[in-house]
Every structure is written in C-alpha cells, then in structure tokens.
Amino acid sequence: MVSDEPIGSRASDGVADLTLISNIDEGGINENLRVRYENQSIYTYAGSILIAVNPYEELEIYEAEYQALYCGQRLGDLAPHVFAIAESAYRKLCTDDADQAIVISGESGAGKTEST
Ligand SMILES: Nc1ncnc2c1ncn2[C@@H]1O[C@H](COP(=O)(O)OP(=O)(O)O)[C@@H](O)[C@H]1O
Ligand SMILES: [Mg+2]
C-alpha cells in the first residue's frame, strides 16, 4: 500500500523528520527511529539527510508505483524514502546544471549498497 501521508501526520508512528522532535538527544532520536522501525518505516529525515534502518526483510516500497509516486516530488512532500533523495539530486542536476554528490555512510551491513 503506497503511503502518501505528509510528514508528521501520525505522531504515534514517530516523527518523519528528526528536526521536528522536541527531545533531540541520543535517546530521543533512537526512540523515534525505533517506533518508526516497528511500523516498518525504515526511512527518517534529519532535515535533508536520510537515515535508513536496515529492515532485514523485503519491503514492498520499491515497486513501480513508488517510483511513480516520488517522481517529480520535492524532498519532504512525501514520507521519507531513498527515491526522494535520488529525485532531489536529479532535480538539482537539471535545474542548477551542476554536478551532484550523494554521500552514503554507515557501518558494514547497514544497507549502503542496497540504498545505492
Ligand atoms: N532497504 C533494504 N531492504 C531490504 N533488505 C535490505 C535493505 N538494506 C539492506 N538490506 C539487507 O541487508 C544486507 C546488507 O546490506 P548492504 O547494502 O549490503 O550493506 P552495506 O553495503 O552497508 O555493507 C543486504 O544484503 C540485504 O539483505
Ligand atoms: Mg556494501
């Protein structure tokens, strides 16, 4: 089921952008990521940065309908997703005519290659 709910629409499911939470310390961040992970929301923004938590299972969030959903959308208009990062870089490539770089960081097994 495709979710096109705007950011922060369901507080019980955690907050989709860490810059919006009040207790922005390590405990608050981890709690928010945990709540979202339990709801299979593996992606969370920290502003324009995307945090991905490895689900260690196949989630149906990479199908063609998701590609179509994120196509042409601005970062933050939809639920956090790796497609939104790609779309943002591609959009800037076109509008600014400038090279773009996406930095992917994480420990071994975190999901860097999958995200790429
Ligand atoms: N978004 C994801 N959805 C499903 N499985 C994932 C996802 N990200 C990572 N995984 C699983 O975790 C494994 C390790 O991820 P990988 O991208 O190879 O890590 P890294 O490159 O950071 O070492 C993958 O082989 C895959 O089984
Ligand atoms: Mg890798």
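The structure under discussion appears in the preceding block.
Rules behind the numbers
- Residues numbered from 1 in each chain as written.
- Chains lettered and ligands numbered in written order.
- Predicted model: local features only at pLDDT ≥ 70, side-chain atom pairs only at ≥ 80, totals over all residues.
- Heavy atoms only, no water.
- Helix = DSSP H or I, 4+ residues; strand = E, 2+ residues; numbered from the N terminus.
- Buried < 20%, exposed > 50% of the residue type's maximum accessible area, 1.4 Å probe, protein only.
- Near = heavy atom within 4 Å.
- Polar contact = N/O pair within 3.5 Å; in protein donor to acceptor, adjacent residues only side chain to side chain.
- Areas by Shrake-Rupley, 256 points an atom, 1.4 Å probe, with all protein chains shown as cover.
- Nonpolar A, V, L, I, M, F, W, Y, C, P; charged D, E, K, R; others polar.

Chemist: Explain unusual backbone geometry to me, please; I cannot follow it from the model alone.
Modeler: In terms of backbone geometry, most residues other than glycine have negative phi values and most peptide bonds are trans. Despite not being glycine, Q40 has its phi angle at roughly 60 degrees, a positive value. Residue placement: Q40 occurs in the loop between α1 (26-38) and β1 (43-46). The backbone phi angle of D97 is positive, close to 50 degrees, even though this residue is not glycine. Here D97 shows up in the loop between α3 (82-96) and α4 (112-115). On the accessibility criterion, D97 (70% relative accessible area) is exposed.

Chemist: Just checking my understanding: could you explain the site of ligand 1 for this structure?
Modeler: For ligand 1, the set of nearby residues contains 14 residues, the closest of which are N54, G109, K112, T113 and E114. Side-chain polar atom of Y62 to a nitrogen atom of ligand 1: 2.9 Å apart, as the coordinates give it. Relative to its free-state accessible area of 560 Å², ligand 1 is covered by the protein chains to the extent of 71%. Of the residues in the shell around ligand 1, the class split is five nonpolar, five polar and four charged.

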